[in-house]
Amino acid sequence: MSTFEGEVKAVSRRYKALRTVAQAAALLVGVGVYGLARSPVMAIVTMVLAYIAGVELAGVLSRRRRRFPLVCWLSAAVVFLACLGAELVVLTALQVRPGSLVLPLALASSGAVGWLAHRGLRRLAYWRAPWLQFEDQIHATIIAPGKLGPAEVPVRLQWLRLRRASALLRAYRQALEQARRDPTVADVVYRGLVEDLAGVEGLTADLRQVLGQAYLGLGELALQQKRPAEALARFLEAQKWIALPGAALQHLAGYYVERQDASDEAIRAYLSYIEARRQEPADQTAVACRNLLRSLVQIDEGASRATAEGAAALARRIIGADPEIDWAHHYLGLSLFLLGDHLPAVEALERATQLNPSHAMSGVFLGRVRLELGRVAAALEAFRRALAADPACQPALYWLGRTLVGEAEARADAGLAQEAVALLQQAHSLAPSQAEVLYYLGRAHALTGANGEAARALEGAIALDANQAPYHYRLALVQEALGSPQAAMASLERSLALDPQQAAAWQLLGDLTLAAGDYARAEASYTQVLALLPADAHAREGLGRSLFHQGRLTEAIAQLAQVSPLRREGLHALARAGAHGRYGRCLCEL
């Protein structure tokens, strides 16, 4: 049962309750009027008949006379004659002479008591309780079909006099129905509805529907009359009260799409239309809305935090309108990844890959998020799925190869390194200008023992981007393996100039300079290592050796004495290598 039907039933119950009160009051009045009669029972019966006659007569005259005038008047006459006959029976029983004044008096009073009691109580109740509205008043305020012209409609309806939903709604709905049947009065009716309802506070749900329908009707009329701007304004007003039908939503969305509007009102229209056309993805307007929304939510890795937050919020709204849009889940996951919300990003990207397994980039970012969470095996699986979906996806090739390089270095697995070489070579062929690809390709070659290929790859990476310290460090490792210590030292100097906090680079430079006999540089290098890693035994032993070779035996002994017992053989080797006198004996004792 609708809200309107419930309200009508409630009004009907109130009407019956009031009628019962009126009947009881009429009976009591009848007893008082005829209290002088010698037959109270007959007086009461007479009053009941009189009351029934009055109510029926009022009802047929006020409600039915427009539809069936002849039947109404005949039924009213029959009821009136029945009442008159009852009066004559009573008066005869009381032995009242025909010429007496009692006869017309009794006749007038019997017909008037019930009528006045009923009408009086009802009017009193109306003033005290405005919620009491009856069918006769409702019908008295609606448009009489064919009786009123368009200009008379707002004047004659008198809607604001009836404040309750049951009466208002009946009148409004009939007005709307007439407007649909007769377009010539539609504009007047709709405008009257808007004027009467727009300023009323506390509208019920049904009246809100009526107001929305009025705005919608004005918009449809404006659209028919080629006034799109006015139609747009009316539809926006209607949207505040009701859910717009497909035609209105399509007009709104199409209007905004044509202008490439990205305002919040336009986005709401796009989302509403997409939601309404969720089962019709091929609808041209819906496709245009999706394309425009995609352009608004689309971001890349270089996006700022504010941009990522806005994209995430819009992506969530798009998913709310249609949860089956795969790219919305993709950009939500990417935005969350950039914001550092890794677990929600994993959920969004997994959903994107489920909806569209052929979208390789969703798999690539899924793998990257899993790497951030330390799930290397799951990341490799995501990269492999992305590559299977698109074998020419350069990011999938790169990230799979890069991850395999890390695993190969951790496991010392040449097989993984070979696979990484193949993947990174293909990635380099697709994007020759990416220095990172050549960097990891060089590392992969070094793991397989192909140091010449590794050196060429790393030199190519440095040619593309010479400001990356790890590139120079890795090249130094390869140059050392190729037997070019001078070139390796030069590469290490360039690497440390870019990033002085590389303990491994300082360590390697110290080893190379110590082996080359440049003990002062070796001392400086090992000192830098110990500043970064005070517990590093290899650097401390190297420092001791460099000090010893410079003849600073006391300092050398102090450094070498801190080396762990496993390194003590180095001290004895120094003593045997040429130490003499008491310094040699001290070293041997150590």
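Rules and cut-offs
Residues numbered from 1 in each chain as written. Predicted model: local features only at pLDDT ≥ 70, side-chain atom pairs only at ≥ 80, totals over all residues. Heavy atoms only, no water. Helix = DSSP H or I, 4+ residues; strand = E, 2+ residues; numbered from the N terminus. Contact = heavy atoms within 4.5 Å. Buried < 20%, exposed > 50% of the residue type's maximum accessible area, 1.4 Å probe, protein only. Axes fitted to C-alpha atoms, helices over the stretch in contact; angles between N-to-C directions. Parallel < 35°, antiparallel > 145°, perpendicular 65-115°, else oblique. Left-handed = near helix turned anticlockwise from the far one by under 90°. Nonpolar A, V, L, I, M, F, W, Y, C, P; charged D, E, K, R; others polar. Core = buried A, V, L, I, M, F, W, Y, C linked by side-chain atoms within 4.5 Å. Expected span 1.5 Å × (residues − 1). Polar contact = N/O pair within 3.5 Å; in protein donor to acceptor, adjacent residues only side chain to side chain. Phe/Tyr/Trp six-rings, centres within 6.5 Å; stacked < 30°, edge-to-face > 60°. Salt bridge = Lys/Arg side-chain N within 4 Å of Asp/Glu carboxyl O. pLDDT = per-residue confidence, 0-100.

**A look at the overall build of the protein**
- Tallying secondary structure elements over the protein gives 30 helices and zero strands in all.
- Considering only contacts in the protein between residues 6 or more positions apart, those separated by 24 or more positions represent 51%.

**Re the side chain of Gln 394**
- Looking at the element boundaries, Gln 394 is found in helix α19 (residues 394-411).
- Classification of Gln 394 by relative accessible area gives buried; the value is 12%.
- Each residue touching Gln 394, except ones within four places of it in the same chain, is listed here: Ala 427, Leu 430, Ala 431, Gln 434 and Val 437.

**Concerning the environment of Gln 213**
- By secondary structure assignment, the location of Gln 213 is in helix α9 (residues 205-224).
- In this structure the C-alpha to C-alpha distance between Gln 213 and Leu 244, which are 31 residues apart in sequence, comes to 9.0 Å.

**Quick look at the packing of helix α16 (residues 342-355) against helix α17 (residues 360-372)**
- Closest axis-to-axis distance for the α16/α17 pair is 9 Å, and the angle between their directions is 155 degrees. The angle between α16 and α17 places the two elements in the roughly antiparallel class. Crossing handedness for the pair α16 and α17: left-handed. In this structure, α16 contributes His 342, Ala 345, Val 346, Leu 349, Glu 350, Ala 352 and Thr 353 to the contact, and α17 contributes Ser 362, Gly 363, Phe 365, Leu 366, Val 369, Arg 370 and Glu 372.
- Considering only residue class, the contact of α16 with α17 consists of seven nonpolar, four polar and three charged.

**Description of the nonpolar core**
- If you look at the biggest cluster of nonpolar residues, it comprises 65 residues, and the most contacted ones within it are Leu 244, Tyr 256, Tyr 270, Leu 293, Val 297, Ile 318 and Trp 327.
- If sequence neighbours within four positions are ignored, Ile 318 has contacts with Leu 271, Leu 293, Val 297, Ile 325, Trp 327 and Ala 328.
- Val 364, Leu 387, Val 405 and Val 421 belong to the second-largest nonpolar core, a separate cluster that totals 39 residues.

**A short note on helix α25 (residues 503-516)**
- Given a rise of 1.5 Å per residue, 14 residues ought to cover 20 Å, and the 20 Å separating the end C-alpha atoms of α25 matches this to within 8%.
- With 10 of its 14 residues buried, α25 lies for the most part within the structure.
- As for α25, its buried residues are in contact with α23 (469-481), α24 (485-498), α26 (519-532) and α27 (537-549).
- Phi turns positive one or two residues past the end of α25, at Gly 517, with a value near 85 degrees.

**What about unusual backbone geometry?**
- Residue Gln 260 is not a glycine yet carries a positive backbone phi of 55 degrees.
- Turning to its location among the elements, Gln 260 is positioned in the loop between α11 (246-258) and α12 (264-276).
- Since its relative accessible area comes to 52%, Gln 260 is described here as exposed.
- Phi is positive for Ala 412, close to 55 degrees, though the residue is something other than glycine.

**Considerations on the environment of Gln 260**
- Taking the C-alpha atoms as reference points, Gln 260 and Ala 288, 28 residues apart in sequence, are found 9.8 Å from one another.
- Among the polar contacts listed, one links the side chain of Gln 260 to the backbone oxygen of Val 257, at a separation of 2.9 Å.

**So, the packing of aromatic side chains**
- A complete count under the given rule lists eight aromatic pairs for this structure.
- Here Tyr 398 and Trp 399 contribute two aromatic rings whose centre-to-centre distance is 5.4 Å and whose plane-to-plane angle is 70 degrees, an arrangement assigned as edge-to-face.
- Given a relative accessible area of 14%, Trp 399 falls into the buried group.
- Here a set of aromatic residues connected by ring pairs shows up, and it is made of Phe 383, Tyr 398, Trp 399, Tyr 439, Tyr 440 and Tyr 471.

**Looking at the packing of α23 against α25**
- Two elements in contact, α23 and α25, have axes whose closest approach is 11 Å; the angle formed by their N-to-C orientations is 30 degrees. Viewed along their axes, α23 and α25 adopt a mutual orientation that is roughly parallel. Between α23 and α25 the crossing geometry is left-handed. Here α23 contributes Tyr 473, Ala 476, Leu 477 and Glu 480 to the contact with α25, which in turn contributes Ala 504, Ala 505, Leu 508 and Leu 512.
- For the contact of α23 with α25, a count of residues per class yields seven nonpolar, no polar and one charged.

**Points about α19**
- Spanning 18 residues, α19 covers 26 Å between terminal C-alpha atoms, matching the ideal 26 Å at 1.5 Å per step.
- Those residues of α19 not exposed but buried are Gln 394, Ala 396, Leu 397, Tyr 398, Trp 399, Leu 400, Gly 401, Thr 403, Leu 404, Val 405, Glu 407 and Ala 408.
- At the C-terminal side of α19, Ala 412 shows a positive phi close to 55 degrees.

**Considering the pattern of salt bridges**
- Enumeration over the complete set of coordinates arrives at 23 salt bridges.
- One salt bridge in this structure joins Arg 521 and Asp 518, with 3.8 Å as the shortest N-O distance.
- Given the relative accessible area of 33%, Arg 521 is considered partly exposed.
- The partner of Arg 552 in a salt bridge is Glu 523, and the shortest N-O contact between them spans 2.9 Å. Residue Arg 552 is located in the loop between α27 and α28 (553-560), and its partner Glu 523 is located in helix α26; the two are separated by 29 residues in the primary sequence.
- Using a relative accessible area of 27% as the deciding quantity, one classes Arg 552 as partly exposed.

**Some details on the environment of Val 437**
- With respect to the helices and strands, the residue Val 437 is situated in helix α21 (residues 435-448).
- Between the alpha carbons of Val 437 and Tyr 398 there is a distance of 6.5 Å; along the sequence they are 39 residues apart.
- Val 437 has contacts with Gln 394, Tyr 398, Leu 424, Ala 427 and His 428, leaving out every residue within four places of it along the chain.

**A short note on the side chain of Asp 322**
- If you trace the backbone, Asp 322 turns up in the loop between α14 (305-321) and α15 (326-339).
- Once residues lying within four places of it in the same chain are set aside, the contact partners of Asp 322 are Ile 274, Arg 278 and Arg 290.

**As for the confidence of the model for the protein**
- Scored by pLDDT, the protein comes out at a mean of 75, with 63% of its residues at no less than 70.
- Here residues 121-166 is modelled with pLDDT under 50, and outside its nearest four sequence neighbours on either side it reaches 78 contacts, counting other chains as well.
- When the criterion is pLDDT under 50, residues 579-590 qualifies, and its contacts beyond four places in sequence or with other chains add up to 20 contacts.

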